[in-house]
Amino acid sequence: MTRPPALIAHDQALRTLRAQLVAQPDGSPIRLAKPTSNLFRFREPPPANALDVSAFTGVLHVDPRERVAEVGGMTTYEDLVDATLPHGLMPTVVPQLKTITIGGAVAGLGIESTSFRAGMPHEAVLELEILTPDGEVVLARPDNEHSALFYGFPNSYGTLGYALRLRISLTPTRPFVALRHLRYPDAASCAAAITELAADPGVDFLDGTAFSGEELYLTVGRFTDSAPRLSDYTGRHIYYRSVRERVEDHLTARDYLWRWDTDWFWCSQALGAQHPLVRRLWPRRYLRSDVYRRIVALDRRFGLSARVDRLLGNPAREPVIQDIEVPVERLAEFLEFFDTEIGIRPVWLCPVTLREPRGWPLYPMPPGRMFVNVGFWATVPLRPGQPEGHHNRLIESRVTELGGHKSLYSDSYFTEDEFWLRYDGETYRELKETYDPRGRLPDLYAKCVGNR
């Protein structure tokens, strides 16, 4: 069978990248030259000799008949969705921000409103082409000699190698999504409804928004072939406000998938982008999460907000930017703790059930059990005597007590022993010895807690 031209070009780019990696001297840091990032562990910009991965940013092939796609690891979900929707298909889980890459979602995990049934993005992966730190290229599948790497790659955050090509399953779509926003008076009734709605085969999408302990919403989405009218949240109108204002709504499939991106959920408010006057002047093409993230990165790099707070005599503020998962039956306990100790609202609720019976060792959530992701992204004032990281440590401890897990895309404060207990240090060390014996990349603790 003749290989498509895009795959031939990919093979050439792979040889070039491998040579670039092999040529780097031992001991030099290995970094990727990526134009965007959705991590909130801010580091210095990559060095001049960072690996150029720009050739791995495209969709290589879509097979509508088999419902699979071959994709470069640095391809954004925005580009992937644009390539699959014309075929009536989409990835099984489309993370909520446009510039999340498929390789990043697999190596660093991802989630969205299909996760109650479809799990996480890595559960749609059929095979991974991985460049190891020593310059070898391995093809990892669930049933070959690299199966341990296939299952251990999710949540490895680029410390075992880089996914340069992925073969993934796709799922059918329809043109429109009909929404219903259901209100609940407390977290316990909301959690019970999550379990009930997730069992309904007619539900295609399920997530929630908690504005307070007495005002929680679950948004139920169903694919449809027609819509009586369509809403547009890509300009002056703001999606998260509609959750409170409407019981029913309709969006195109594409607009539904990116409903959160325009305002970075609700976080664009902190940058002034929701003020009516600013909104009218802010170009629509810049109402998107990657623009906001670059603004925050500049602020964190130069400490602008912190300087202003000091000048005004305001207390120091701690970034509390996290996604955690707790079992659905412990959701009310977590939210009660969160309101008492942290006090950020609104928060996002996203049910997730992992499907793979074997499980994923570096993120050991029991398969088949319903968890709820709680996402919160803001800053909290530090009271006198409270050290930096105080609130994040409280959250880490409480999530562990409730049998939950924490994503590693932002600041973490675990001790090394605590960390490896939660993220299967034994399996990780075996993978590291096999695929990075010279330690050319930092280990998972050094990267995610030490910020190397």
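Residues numbered from 1 in each chain as written. Predicted model: local features only at pLDDT ≥ 70, side-chain atom pairs only at ≥ 80, totals over all residues. Heavy atoms only, no water.

Q: Tell me about the layout of surface pockets, and please be specific about residues and values.
A: Counted as a void, the second largest pocket has a volume near 260 Å³. Forming the boundary of the second largest pocket are Met90, Thr92, Thr114, Phe116, Arg117, Ala118, Thr171, Pro172, Asp204, Phe205, Phe223 and Arg355. Only helix H4 (115–118) and strand S8 (162–172) provide two or more residues apiece to the lining of the second largest pocket. The element best represented in the lining of the second largest pocket is H4, accounting for three residues. (1 Å grid on protein atoms, 1.4 Å probe; cavity = no way out; pocket = protein on both sides within 12 Å on 5 of 7 lines; lining within 4 Å. Points joined across faces, edges and corners; volume = space filled by probe spheres on them. Helix = DSSP H or I, 4+ residues; strand = E, 2+ residues; numbered from the N terminus.)

Q: Can you break down the nonpolar core residue by residue, with the values?
A: Core analysis: the largest hydrophobic core is formed by 84 residues, its most contacted members being Leu128 and Ile168. Every residue in contact with Ile168, bar those within four places of it in the chain, is listed here: Arg67, Val68, Ala69, Val71, Leu80, Ile102, Ala124, Val125 and Leu126. Core analysis: the next-biggest nonpolar cluster, separate from the first, contains 36 residues, Ala198, Leu216, Phe337 and Ile395 among them. (Core = buried A, V, L, I, M, F, W, Y, C linked by side-chain atoms within 4.5 Å. Buried < 20%, exposed > 50% of the residue type's maximum accessible area, 1.4 Å probe, protein only. Contact = heavy atoms within 4.5 Å.)

Q: So, the environment of Gly235: which residues are in play, and what are the values?
A: In this structure, Gly235 sits in the loop between strand S11 (215–224) and helix H7 (239–245). It is 26 Å that separates the C-alpha atoms of Gly235 and Ile344, two residues lying 109 residues apart in sequence. Contact partners of Gly235, with chain neighbours within four places excluded, come to Arg279, Arg284 and Leu287.

Q: How would you explain helix H13 (residues 390–401) if you had to name every residue and give the values?
A: In this model, H13 (twelve residues) spans 17 Å end to end at C-alpha, consistent with the 16 Å of a helix rising 1.5 Å per residue. Every buried residue belonging to H13 is among His391, Asn392, Ile395, Glu396 and Val399, and all of these are buried. Projection of H13 onto a plane perpendicular to its axis shows the buried side chains occupying an angular sector of 140°, all on one side. Buried residues belonging to H13 abut strand S13 (317–327), helix H12 (331–341), strand S15 (371–381) and strand S16 (405–406). (Expected span 1.5 Å × (residues − 1). Arc of directions from axis to C-beta.)

Q: Give a description of the sheet that holds strand S14 (residues 347–352) that names residues and reports values.
A: As summarised here, the arrangement of the eight strands in space is S12-S9-S11-S10-S14-S15-S13-S16, forming an open sheet in which the pairing is antiparallel. The outermost strands of the open sheet, each flanked by one partner alone, are strand S12 (248–252) and S16. Two strands pair when backbone bridges link them, and strand S9 (residues 176–184) and S11 are joined in this way by nine bridges, in the antiparallel orientation. Within S11, the position partnered with Val177 by the bridge is Phe223. (Pairing = 2+ DSSP bridges.)

Q: Any chance you could break down the packing of helix H6 (residues 187–198) against H12 for me, citing the residues and the numbers?
A: Contact geometry of H6 with H12 gives a least axis separation of 8 Å together with a crossing angle of 145°. For the element pair H6 and H12, the recorded crossing hand is right-handed. Along the contact surface, H6 presents Ala187, Ala188, Ala191 and Ile194, while H12 presents Leu331, Ala332 and Leu335. Among the residues forming the contact of H6 with H12, the class breakdown is seven nonpolar, no polar and no charged. (Axes fitted to C-alpha atoms, helices over the stretch in contact; angles between N-to-C directions. Left-handed = near helix turned anticlockwise from the far one by under 90°. Nonpolar A, V, L, I, M, F, W, Y, C, P; charged D, E, K, R; others polar.)

Q: Mind laying out the pattern of salt bridges, listing which residues take part and the relevant values?
A: Using the criterion set out here, one finds 29 salt bridges in the structure. Across the salt bridge formed by Glu136 and Arg18, the nearest N and O atoms sit 3.5 Å from each other. With a gap of 118 residues between them, Glu136 in the loop between strand S6 (125–131) and strand S7 (137–140) and Arg18 in helix H1 (residues 5–23) connect regions that are remote in the sequence. A salt bridge links Lys432 to Asp436, with the shortest nitrogen-to-oxygen separation between them at 2.8 Å. Assessed through its relative accessible area of 11%, Lys432 is described here as buried. (Salt bridge = Lys/Arg side-chain N within 4 Å of Asp/Glu carboxyl O.)

Q: For a nonpolar patch on the surface, give the residues involved together with the corresponding values.
A: The grouping of Leu298, Phe302 and Leu304 at the surface amounts to a nonpolar patch, some 280 Å² of accessible area in total. Residue position: Leu298 is located in helix H10 (residues 289–302). (Patch = residues over 30% accessible without salt bridge, like charges linked within 9 Å, V, L, I, M, F, W, Y side chains within 5 Å. Areas by Shrake-Rupley, 256 points an atom, 1.4 Å probe, with all protein chains shown as cover.)

Q: Before we move on, can you summarise the packing of aromatic side chains with the specific residues and values?
A: Inspection of every chain in the model, using the stated rule, returns 28 aromatic pairs. Ring geometry for Tyr151 versus Trp360: centroids 5.2 Å apart, planes at 40°, classification tilted. Of this pair, Tyr151 sits in helix H5 (residues 147–152) while Trp360 sits in the loop between S14 and S15, and the two are 209 residues apart along the sequence. With respect to burial, Tyr151 and Trp360 carry one shared label: buried. Seen in terms of ring centroids, Phe334 and Phe337 are 5.8 Å apart; in terms of plane orientation they differ by 50°. Their pairing is tilted. (Phe/Tyr/Trp six-rings, centres within 6.5 Å; stacked < 30°, edge-to-face > 60°.)

Q: Help me get a handle on the pairing of strand S4 (residues 68–72), residues and values and all.
A: Among the five residues that make up S4, five are buried, leaving the element largely enclosed by the rest of the structure. Neither face of S4 is open: one carries Val68, Glu70 and Gly72, the other Ala69 and Val71, and all of them are buried. Note that strand S3 (residues 59–63) and S4 share four bridges and pair antiparallel. If you follow His61 over to S4, its bridge partner there is Glu70. The antiparallel pairing of S3 with S4 creates a hairpin that spans four residues between the two strands, and Arg67 there sits at a positive phi of about 60°. Examined bridge by bridge, S4 and S8 share five bridges and lie antiparallel to one another. Considered in S8, the bridge of Ala69 is made with Ile168.

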